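# Structure at a glance
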Amino acid sequence: MRRGAAKVDAATPVGRDRAVDALRAFAILGVVLGHWLVTALVADGDRGGGLHTASPLHHMPWLAPISWAFQTLAVFFLVGGHVATRGYTSARERGTTYTQWLASRLSRLFKPVAAVLSLWTVASVLLLLSGTETDTVRTLLKLALSPLWFLLVFAALTAATPLLRRLHPLWPLAVVLHVDLLRFGLGAPDWLGWVNLAAGWMVPFTAGAAWSRGELERRRAGWILLLGGTAATAALVAWAGYPASMVGVPGAGVSNLNPPTLAAVTFGLAQCGLALLLREPLRRAMRRPLAWAAVALLNLSAMTIFLWHQTALMATTATSLTAGHLPGLHTPPDDLAWVAARLAWLPVFAAALALCWTAFRTYEQGPRRPKGHASRVVRTHHSHESHKTKAQNHA
């Protein structure tokens, strides 16, 4: 393991900002662990009954700080905006057309989607034919395909990179503010909130673009975002009636995430500030070959892990149902005993996800290359350096 990590470390270009990859890896892990901790599939009736979703945050709202730690989508959009802006700028310098650049960016996002849709189409038909309740199939499908909304928004913002790369984050933030004022202050219809699905995630995406322009390099910028976002979120929760949970809670009247509210966006800005402050510590940590190799591997499989983690949860829950209603898996999430039991199930979910990764990783990474070939992380960076050197020689 150490020899392999040393090879990855030695093959990585000196100029690569490893903190960017580390932040993306932590964002993906945060989402996965968050879903595994707050999503419960409760069995109805006796053994073999249907399943419905529930959340420990509904029964124990004082556990809301869990959502603060694991709702890390804003960091992913921050990194996405940073990488997309740098990539588009580099592509223009190389003479790559917008269409070519966008096709390359989106192909890795959507190739793994085909596998998820195919499997769940077949699985849904088989479940219905076997007599499974329609509501249970609908519940499973909703959870399995819920990650797709994120990809659609992320893809739309990536496609709009040429327009967004110089947009100040305050503009989409102002849109979110006015939408919430209309919804919650003036009684506008709830559907207006879906404007925030684009505007809300545009805030960290354009903050990532500002990072790539060098506007957020000073630590002062990170502190302003962290402290300002934290203060604004605390005020919105304490005095404006926004939910304390930063994820959706079944049965709640208002969700901070579906669609994003002003509180979710200000909370995301606080997370972005913390991410910016952690860049230097992460760069130092990523100098360790083992740590860097783990982060590089996770980045190569980011979409596979994201798309299949809910399937891993549901597969474990469904296959274990024949053994009865197991604590932390099929029982109502209404006490700390459930939380303790759920923590014990996390390694099982991870093992199921590893099986999904083994089966479907080629949709994201492509077929296994012969021994001695560099990884995508290294090859991509070398390709960029090669184009840069050719351009400089030509000049």
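## So, the packing of aromatic side chains
- Following the criterion strictly, the structure yields 17 aromatic pairs and no others.
- Centre to centre, the rings of Phe154 and Phe205 are 6.4 Å apart; their planes meet at 80°, and the pair counts as edge-to-face. Here Phe154, found in helix H8 (residues 147-159), pairs with Phe205, found in helix H11 (residues 195-212); they are 51 residues apart in sequence, far enough to count as distant. Here the two residues Phe154 and Phe205 agree in accessibility, since each one is buried.
- Three or more aromatic residues link up through ring pairs in this structure, and these residues are Phe76, Phe77, Trp149, Phe150, Phe154, Trp201, Phe205 and Phe306.
- Over the ring of Trp357 we find Arg361; its NZ or CZ atom is 5.4 Å from the centre of that ring.

## Structural notes on the nonpolar core
- Counting residues in each nonpolar core, the largest one holds 98 residues, and the members touching the most others are Phe77, Phe150, Leu151, Leu157, Trp201, Leu307 and Trp308.
- Apart from the residues within four sequence positions on either side, Trp308 is in contact with Ala115, Val116, Leu119, Leu353, Cys356 and Phe360.

## Brief notes about the packing of helix H10 (residues 170-185) against helix H13 (residues 262-277)
- The interhelical angle for the contact between H10 and H13, taken along N-to-C directions, is 150°, at an axis separation of 9 Å. On the basis of the axis angle, H10 is roughly antiparallel to H13. Between H10 and H13, the residues in contact are Leu173, Val176, Leu177 and Asp180 and Leu262, Val265 and Leu269, respectively.
- In the contact of H10 with H13, the residues fall into 6 nonpolar, no polar and 1 charged.

## Here's the deal with the pattern of salt bridges
- One pass over the full model with this rule turns up 9 salt bridges.
- The shortest N-O distance in the salt bridge between Asp17 and Arg283 comes to 2.9 Å. Of this pair, Asp17 sits in the loop between helix H1 (2-11) and helix H2 (18-38) while Arg283 sits in helix H14 (residues 279-285), and the two are 266 residues apart along the sequence.
- Here Asp17 falls in the buried class, since its relative accessible area comes to 19%.
- The salt bridge partner of Arg138 is Asp135, with a shortest N-O separation of 2.6 Å. Separated by 3 residues within a single helix, Arg138 and Asp135 lie in helix H7 (residues 134-145), roughly one turn from each other.

## Concerning the environment of Leu126
- Position of Leu126 relative to the elements: it lies in helix H6 (residues 98-129).
- Residue Leu126 is classed as exposed on the basis of its relative accessible area of 52%.

## Details of H6
- Here H6 contains 32 residues, and its C-alpha end-to-end distance of 46 Å stays within 8% of the 46 Å for a straight helix at 1.5 Å per residue.
- Along H6, the helix axis deviates most sharply at Ser107, where the bend reaches about 40°.
- The complete set of buried residues in H6 reads Trp101, Leu102, Leu106, Leu109, Pro112, Val113, Ala115, Val116, Trp120 and Ser124.

## Section: unusual backbone geometry
- Cis peptide bonds are those with omega within 30 degrees of zero, and the linkage from Asn258 to Pro259 qualifies with 5°.
- The topology assignment puts Pro259 in the loop between helix H12 (219-239) and H13.

## So, the confidence of the model for the protein
- With 91% of its residues at a pLDDT of at least 70, the protein reaches an overall mean of 89.
- Element-level mean pLDDT values for the protein span from 46 in helix H19 (residues 376-394) up to 98 in H13.
- Under a pLDDT of 50 for its full length, residues 379-395 has, in the predicted model, 9 contacts with residues more than four places off or in other chains.

## Let's talk about the side chain of Thr233
- In this structure, Thr233 sits in helix H12.
- Within the structure, the side chain of Thr233 is placed 3.0 Å from the backbone nitrogen of Phe267, a separation counted as a polar contact.
- In contact with Thr233, other than residues within four places in its own chain, are Met246, Ala263, Thr266 and Phe267.

## Quick look at the pairing of strand S1 (residues 40-43)
- Residues Ala40 and Val42 line one face of S1 and the alternating positions Leu41 and Ala43 line the opposite face, and both faces are buried.
- In this sheet, strand S2 (residues 51-54) lies alongside S1 in antiparallel orientation, the contact comprising 4 bridges. Looking across to S2, one finds that Ala43 is bridged to Leu51.

Each value, and the rule that gives it
Along each chain, the written sequence defines residue order, and numbers are assigned to residues from 1. In keeping with the predicted nature of the model, local features appear solely for residues at pLDDT of at least 70, side-chain atom pairs appear and are counted solely at 80 or more, and the whole-chain, interface and lining totals rest on all residues. Only heavy atoms go into the side-chain values, all of them from the structure, while hydrogens and water stay out. In this analysis, rings of Phe, Tyr and Trp, with Trp reduced to its six-membered ring, are considered paired at centre separations within 6.5 Å, and the interplanar angle assigns stacked below 30 degrees, edge-to-face beyond 60, and tilted for intermediate values. Each helix corresponds to a stretch of at least 4 residues labelled H or I by DSSP, and each strand to a stretch of at least 2 residues labelled E; elements are numbered beginning at the N terminus. Relative accessibility decides the category of a residue: with a 1.4 Å probe and only protein chains considered, values under 20% of the type maximum give buried, values over 50% give exposed, and everything between is partly exposed. Counting as a charge over the ring demands two things of the Lys NZ or Arg CZ atom: a distance within 6 Å of the ring centre and an angle within 35 degrees of the ring normal. Side-chain atoms within 4.5 Å are what join buried Ala, Val, Leu, Ile, Met, Phe, Trp, Tyr and Cys residues into a set we call a nonpolar core. Residues count as neighbours in contact if any of their non-hydrogen atoms are within 4.5 Å of one another. To obtain each axis, a line is fitted to C-alpha atoms, and for helices this fit is confined to the stretch in contact; angles are then taken between N-to-C directions over 0 to 180 degrees. Roughly parallel covers angles under 35 degrees, roughly antiparallel covers those over 145, roughly perpendicular covers 65 to 115, and oblique covers all other angles. Three categories are distinguished: nonpolar for Ala, Val, Leu, Ile, Met, Phe, Trp, Tyr, Cys and Pro, charged for Asp, Glu, Lys and Arg, and polar for the others, with Gly belonging to the last. The working definition used for a salt bridge is a side-chain nitrogen of Lys or Arg within 4 Å of a carboxyl oxygen of Asp or Glu. How far a helix is expected to stretch is found by multiplying one less than its residue total by 1.5 Å. Here the bend at a residue is taken as the angle between two axes, fitted respectively to the seven residues that end there and the seven that start there. pLDDT gives the predictor's per-residue confidence on a scale running from 0 to 100. N or O atoms within 3.5 Å of each other form a polar contact, as long as, within protein, one can give a hydrogen and the other can take it, and as long as residues adjacent in sequence are counted only when both atoms are side-chain atoms. By the convention used here, strands pair only if DSSP detects at least 2 bridges between them.

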